[in-house]
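Here's the letter readout for the chains.
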Amino acid sequence: MKIQGIIKGNTIELLEDLSLPNGVKISLEIPDNLIQKKLLWEDLETLIGVWKNQPELDDIFSEIDQERHADLGVEIKFDD
């Protein structure tokens, strides 16, 4: 039997009523691509955490922001 459900925290809410009693054990098959996405996010969280509490990054990003918003002007040439 194959049915669908929605994950909410550690609970899976079934989209169909199976009328199963509480406490019944079931098995789930989770597609590998979902597990890989979760692992990728965990790796990214670790990498992002490396940047945490590094004041010099604030200075770097502030400088980048100033450069992005600097009015450098544009020279316009008119043919006479």
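Overview of the structure.

Reading guide: rules and limits
Residues numbered from 1 in each chain as written. Predicted model: local features only at pLDDT ≥ 70, side-chain atom pairs only at ≥ 80, totals over all residues. Heavy atoms only, no water. Helix = DSSP H or I, 4+ residues; strand = E, 2+ residues; numbered from the N terminus. Pairing = 2+ DSSP bridges. 1 Å grid on protein atoms, 1.4 Å probe; cavity = no way out; pocket = protein on both sides within 12 Å on 5 of 7 lines; lining within 4 Å. Points joined across faces, edges and corners; volume = space filled by probe spheres on them. Nonpolar A, V, L, I, M, F, W, Y, C, P; charged D, E, K, R; others polar. Salt bridge = Lys/Arg side-chain N within 4 Å of Asp/Glu carboxyl O. Buried < 20%, exposed > 50% of the residue type's maximum accessible area, 1.4 Å probe, protein only. Contact = heavy atoms within 4.5 Å.

### So, unusual backbone geometry
It is generally the case that most residues other than glycine have a negative phi and that most peptide bonds are trans.
In step 1: With a phi angle near 55°, Ser19 is a residue other than glycine that sits in the positive phi range.
In step 2: As for its position among the elements, Ser19 is in the loop between β2 (11-14) and α1 (32-50).

### Here we look at the pairing of β2
In step 1: One ladder, built from four bridges, connects strand β1 (residues 5-8) with β2; its direction is antiparallel. Residue pairing in the sheet places Lys8 in a bridge with Thr11 of β2.
In step 2: Hairpin connection between β1 and β2: a loop of two residues separates the two successive antiparallel strands, and Gly9 in this loop has a positive phi of roughly 70°.

### Section: the layout of surface pockets
In step 1: Here the largest pocket is characterised by a volume of approximately 660 Å³.
In step 2: Taken together, 20 residues line the largest pocket, and the ones lying closest to its centre are Ile3, Ile12, Leu28, Glu29 and Ile30.
In step 3: Put simply, the parts of the chain that give the lining of the largest pocket at least two residues each are β1, β2 and α1.
In step 4: Considered class by class, the residues forming the lining of the largest pocket number 14 nonpolar, three polar and three charged.
In step 5: Its boundaries defined by the atoms lining it, the second largest pocket holds a volume of some 270 Å³.

### Comments concerning the pattern of salt bridges
In step 1: One pass over the full model with this rule turns up two salt bridges.
In step 2: Where Glu13 meets Lys8, a salt bridge forms, and the shortest distance between an N and an O atom there is 2.9 Å.
In step 3: Among the residues examined, Glu13 registers a relative accessible area of 37% and is labelled partly exposed.
In step 4: As a salt-bridge pair, Arg68 and Asp65 come within 3.9 Å of each other at their nearest N and O atoms. Here the residue Arg68 and the residue Asp65 both occupy positions in helix α2 (residues 55-68), the gap between them amounting to three residues, near one helical turn.
In step 5: Residue class for Asp65 comes out partly exposed when judged on its relative accessible area of 38%.

### Section: the environment of Ile12
In step 1: Along the polypeptide, Ile12 turns up in strand β2.
In step 2: The class of Ile12 is partly exposed, set by a relative accessible area of 36%.
In step 3: Look past the residues within four positions of Ile12 in its chain and what remains in contact with it is Gly5, Ile6, Ile7 and Leu28.

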